[in-house]
Amino acid sequence: DDAFWLSLKEFYRVLAPNGLCILTTRGIGFPRHDYPSDYWRFTADGLRKVLEWAGFEVLDCGEDAQDHGVFATAQKRA
């Protein structure tokens, strides 16, 4: 997603009040992949901040160091 911030705002817009967004993404250290392209890497802190910016209440956010992944569960505020 070359404009993930727009997608997060759209996720927030279409979720029902108190709806959950479960998100996984690649973290720092994950090897480059060029299909269809490779744009972003996140830390748990960075993902938390951008979800909060989009309006979500972040319920959980963490990193899987072994697989270089980042995950979050966030909720649309009622």
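Would you explain unusual backbone geometry in this entry?
Glycine aside, a negative phi is what most residues show, and trans is what most peptide bonds show. Not every positive phi belongs to a glycine, and Asn18 is a case in point at roughly 70°. Mapped onto the secondary structure, Asn18 falls in the loop between helix 1 (4-14) and strand 1 (20-26).

Which parts of the structure should I look at to understand the packing of helix 1 against helix 2 (residues 44-53)?
For any two helices packed against each other, the geometry comes down to the angle between their axes and how far apart the axes lie. Following both chains from N to C, one finds helix 1 and helix 2 inclined at 55°, their axes separated by 9 Å at the closest point. If you check the angle between helix 1 and helix 2, you find them oblique. As for the relative orientation of helix 1 and helix 2, their crossing is right-handed in sense. Taking contact as the criterion, the partners of Phe4, Trp5, Leu8 and Lys9 in helix 1 are, on helix 2, Val50, Leu51 and Trp53. Here the contact of helix 1 with helix 2 is built from residues that sort into 6 nonpolar, no polar and 1 charged.

Even after reading the chapter, I still don't get the layout of surface pockets, so can you show me in this structure?
Picture a little ball the size of a water molecule; that probe, rolled over the atoms, points out where space is still empty. By volume, the largest pocket is sized at about 380 Å³. As for the largest pocket, its lining consists of 18 residues, and the residues nearest its centre are Asp1, Phe4, Thr25, Trp40 and Phe42. Elements supplying a minimum of two residues to the lining of the largest pocket: helix 1 and strand 1.

Honestly, the state of the cysteines in this entry has me stumped. Any pointers?
Where two cysteines share a covalent bond between their sulfur atoms, that bond is called a disulfide. Counted under the stated rule, the structure contains 0 disulfides. Looking at Cys61, it has no disulfide partner, and the nearest cysteine sulfur is the one in Cys21, 11 Å off. Using a relative accessible area of 14% as the deciding quantity, one classes Cys61 as buried.

Explain the sheet that holds strand 3 (residues 69-76) to me, please; I cannot follow it from the model alone.
Pairing between the strands of a sheet is mediated by backbone hydrogen bonds and can be parallel or antiparallel. One open sheet accounts for 3 strands, arranged 1-3-2; its pairing is antiparallel. Strands at the two margins of the open sheet, each flanked by one partner only, are strand 1 and strand 2 (56-64). On average, adjacent strands in this sheet sit at an angle of 15° to one another, irrespective of strand direction. Strand direction decides the pairing type here: strand 1 and strand 3, joined by 7 bridges, are antiparallel. Along strand 3, the bridge assignment pairs Leu20 with Gln75.

Cut-off values and rules
- Residues numbered from 1 in each chain as written.
- Predicted model: local features only at pLDDT ≥ 70, side-chain atom pairs only at ≥ 80, totals over all residues.
- Heavy atoms only, no water.
- Helix = DSSP H or I, 4+ residues; strand = E, 2+ residues; numbered from the N terminus.
- Axes fitted to C-alpha atoms, helices over the stretch in contact; angles between N-to-C directions.
- Parallel < 35°, antiparallel > 145°, perpendicular 65-115°, else oblique.
- Left-handed = near helix turned anticlockwise from the far one by under 90°.
- Contact = heavy atoms within 4.5 Å.
- Nonpolar A, V, L, I, M, F, W, Y, C, P; charged D, E, K, R; others polar.
- 1 Å grid on protein atoms, 1.4 Å probe; cavity = no way out; pocket = protein on both sides within 12 Å on 5 of 7 lines; lining within 4 Å.
- Points joined across faces, edges and corners; volume = space filled by probe spheres on them.
- Disulfide = S-S within 2.5 Å.
- Buried < 20%, exposed > 50% of the residue type's maximum accessible area, 1.4 Å probe, protein only.
- Pairing = 2+ DSSP bridges.

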